[in-house]
Amino acid sequence: MKTNRHYRPSESNITAPSCDYVKSALSIMRLIRKSNFGQLIIGVAALFSLLLSGNAHAVPAFARQTGQNCLACHAGGNFPELTPYGRLFKLTGYTIGKRTIPLAVMGVFGSTNVKGPTPTGPGHTATDGSLTFDTGSLFVAGKITDKSGVFAQFTYGNYANTNYILDSGDPSTGHIGSDNTDFRYADQLINGDQNFIYGFDINNNPGVEDVWNSTPAWGYNVVPISTGFAPAALPIIDGGLAQQAVGAGAYMYWDKTVYAEISGYRTGDGVYSFMTQGNGQQINIKGENPYLRLALTHDWGAQNAMVGYSYFDVNEYVPGMQNLTNHYRDNTIDFQYQYLLDPHTFTVDVTRTNETINYGDAGSAPDSINSLMAKATYTYEAKYGAALEYFNISNSSNNIGNTNSNYNPSAIAGEFSSQTGTEGWTPEVFWLPVQNVRIGVQYTMFNRVDGVATGGADAINGKASDNNQVVFYIWGAY
Amino acid sequence: MKKIAIGLILASTIVTAGCNTTASSRNLADAKVSGQDLAQQVCSICHGPDGNSTNPTFPKLAGQQSVYLVGQLKEFRSHDRSDPAGYQYMWGIARHLTDKQIAELAAYFSAQKNIPGPSRNPELEAEGKQIFTHGIAAQNTPACATCHGPDGAGNGIFPRIAGQHANYIEKQLGIFKNTGQRPDGAMMKVITHNITPAEVKAVAAYLATL
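Asker: Mind showing me how you'd approach the overall build of chain A here?
Answerer: What chain A contains, in helices and strands, is six helices and 17 strands. Burial statistics for chain A: of 478 residues in total, 57% are counted as buried.

This is the structure we're talking about:
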């Protein structure tokens, strides 16, 4: 597992923000998981009737708490991207509204199909081409006191166990684990036309506490069944410690202009393990690891923008090597723009991360990872949408020939032995027939995979374009 | 540092839970929270702390007639006002407000000073001013100023329209003309019957600057 520590396989992406219904929906989904197409249709119809039978204004827990529609907090109704109001709802501790039963459920059906011949390329699964139940989540989300609240997600990944990839394995071994979790206490001081929000936060995924969608935790491949970035080595801030570390910190937001946060992350074991369990072998980090975040924001007319910076500094233990740690330093700049005026919603997110890695084993040269991700999304009448995502992730390979190399069984510290640059585009169209259901199609086109461009080939991943993948999904929440 | 943060969170939560203070509460179902606190803690997020909202999705409430504000909040609470933005955003906000809180909210926002928008298209605004002041005799469209006042500041049930976002005015005139989603505005349905989209645009552009 160490080889691809930051590798984010598409179907097992249970750490990404995902959505599902559990309870009754789960039973339907289990029934149809390995069923034929006819049963599947019945299952989907049952799911829709479940959704449509509800009050149109009774969507997940937060909406029940505020009584508002999804689009009050989610830009163009396109969850999870937040509007300015949604950001303030989160920053003020999920406390607006009245206390209700803080439960919601979410589910994702999907179908993936990879262009290249099996078993080349990542992303191929035993369920290629079949519409399957992918993930289901239970949310405990809502106001606790007038100044504190929680967002806690637990996700059942129907294919969460990994051996279904490529060799089909046993696709029936799903399991449940902690997903994104965020406890907050916050207050807002208002004087005249100025305001000051401050708060404290405990979470289990560096950046998940952020309110802008240019952070890796919320910005890209948020549909749980998304293709992802193939074998790219991602910076540790991009899910590397999701549901593995637990952090606490303080933040402030002054006059809707300056946001600042400082948090410290530690291994999510012991009493914190309820926020990390069910997510594979525990990754251990050394002591407290700082995360800093600054953002400048401005609203004008129907538009708003944010320019931000974050720094994450982590010492991670190398498995099996006592006291040996790799040191990761992530510098990220990000940008978000939103235009929000019915019937149009247009948003742009750009995120650039540079990671420097100093390996713990003597004799290894430092490495680096550069990632650039960008995404533009448009929705019309909070019903019809289109998005285009670009990603370009590359890493240095300063330890070629090192016997500790990445793909060498004797590797002890995870150094990269090769250039694993990945670049591509993901266009997407989607439709929200009702505000809590999104149906969409994505197509991820790889220009470059594992450092190999279209037309070339390598032993591991074949031609870059062999990795191209179409994803169809039905994503709903109640 | 984390231990300190955890300690602060726990201490703050316990203190908050143990107190009965409602200052800076964002609880929309607690009759003890004052209208001013709700205005500042909740309404201000979209409508601005001084009632001058930034995004035209949300109307400016600064300087609005308090009688009109009371009426609208009650219409949201009873679901009688059902235009899309109204139910999407406001039904939930208003559902548990008491009459007292509604009166306090109206008093808070009516006491704020409206800040009109800048002039963007003088020619269009001049055309709008003509409609606002004199109406359009040829199509029996009365002058806005007749009910809303010569300065557009409104009077009682007639809302302030001066300084309102142009986009909001345009949308509301469309709702009056084409739907029955604002029964309190039945009078406006008659008035807007013959008005054209170009005329709506002109009068809205003028009102935004007034």
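Asker: Where do I start with the interface of chain B and chain A in this structure?
Answerer: Where interface size is quoted, it is often the accessible area lost as the parts come together. Contact with chain B, which involves 37 residues of that partner, is made by 38 residues of chain A. Secondary-structure elements contributing two or more residues to the side of chain B that touches chain A are α1 (2–18), α2 (35–47) and α4 (84–94) of chain B. With nine residues, the top contributor of residues to the side of chain B that touches chain A is α1(B). Of the residues that constitute the side of chain B that touches chain A, the class distribution is 17 nonpolar, 16 polar and four charged.

Asker: Is there a simple way to think about the packing of helix α6 (residues 122–134) of chain B against helix α10 (residues 197–209) of chain B in this case?
Answerer: The packing of two helices is summarised by the inter-axis angle and the distance between the axes. Residues and elements named next belong to chain B. Direction vectors running N to C along α6 and α10 enclose 95 degrees, while the axes themselves pass 7 Å from each other. Judged by the angle between their axes, α6 and α10 are roughly perpendicular. Touching L124, E125, E127, G128, K129, I131 and F132 of α6 are E199, K201, A202, V203, A204, A205, Y206, L207 and T209, all from α10. The residue inventory of the contact of α6 with α10, partitioned by class, reads nine nonpolar, two polar and five charged.

Asker: Hey, could you run me through unusual backbone geometry in this one?
Answerer: Working note: non-glycine residues mostly have negative phi, and peptide bonds are mostly trans. All names here are of chain A. In this chain, F79 is followed by P80 through a cis amide linkage whose omega measures 5 degrees. With respect to the helices and strands, the residue P80 is situated in the loop between α4 (70–73) and α5 (84–91). A cis amide bond links D342 to the next residue, P343, at an omega of 10 degrees. Looking at where P343 falls in the secondary structure, it is placed in the loop between β10 (325–341) and β11 (344–358). Of note, the phi angle at E381 is positive, near 55 degrees, even though the residue is not glycine. On the basis of neighbour count, E381 is assigned to the partly exposed category, with 15 C-beta atoms found within 10 Å.

Asker: Help me understand the pairing of strand β7 (residues 258–267) of chain A, please; the structure alone is not making it clear to me.
Answerer: Within a regular strand, side chains alternate between the sheet's two faces. As paired strands, strand β6 (residues 245–254) of chain A and β7(A) are joined by 10 bridges and run antiparallel to one another. Across the sheet, G249(A) pairs through a bridge with S263(A), a residue of β7(A).

Asker: Looking at this model, I keep getting lost on helix α8 (residues 166–178) of chain B. Mind explaining?
Answerer: Because each turn of an α-helix spans 3.6 residues, side chains separated by three or four positions end up pointing in the same direction. Compared with an ideal rise of 1.5 Å per residue, which puts 13 residues at 18 Å, α8(B) spans 18 Å between its outermost C-alpha atoms and is within 8% of the ideal. Here α8(B) has its buried residues at A166(B), Y168(B), I169(B), K171(B), Q172(B), L173(B), I175(B) and F176(B).

Asker: Any chance you could explain the packing of α2(B) against helix α5 (residues 99–110) of chain B here in plain terms?
Answerer: All names here are of chain B. The geometry of α2 relative to α5 is characterised by a closest axis approach of 7 Å and an angle of 65 degrees between their N-to-C directions. It follows that α2 is roughly perpendicular to α5 by the angle criterion. You can see that α2 and α5 cross each other, and the crossing is right-handed. On α5, the residues that touch G35, Q36, L38, A39 and C43 of α2 are Q101, A103, E104, L105, A107, Y108 and F109. Of the residues contributing to the contact of α2 with α5, the split by class is eight nonpolar, three polar and one charged.

Parameters and conventions
Residues numbered from 1 in each chain as written. Chains lettered and ligands numbered in written order. Predicted model: local features only at pLDDT ≥ 70, side-chain atom pairs only at ≥ 80, totals over all residues. Helix = DSSP H or I, 4+ residues; strand = E, 2+ residues; numbered from the N terminus. Buried ≥ 20, exposed ≤ 12 C-beta atoms within 10 Å, placed from the backbone. Contact = placed C-beta atoms within 7 Å. Nonpolar A, V, L, I, M, F, W, Y, C, P; charged D, E, K, R; others polar. Axes fitted to C-alpha atoms, helices over the stretch in contact; angles between N-to-C directions. Parallel < 35°, antiparallel > 145°, perpendicular 65-115°, else oblique. Pairing = 2+ DSSP bridges. Expected span 1.5 Å × (residues − 1). Left-handed = near helix turned anticlockwise from the far one by under 90°.

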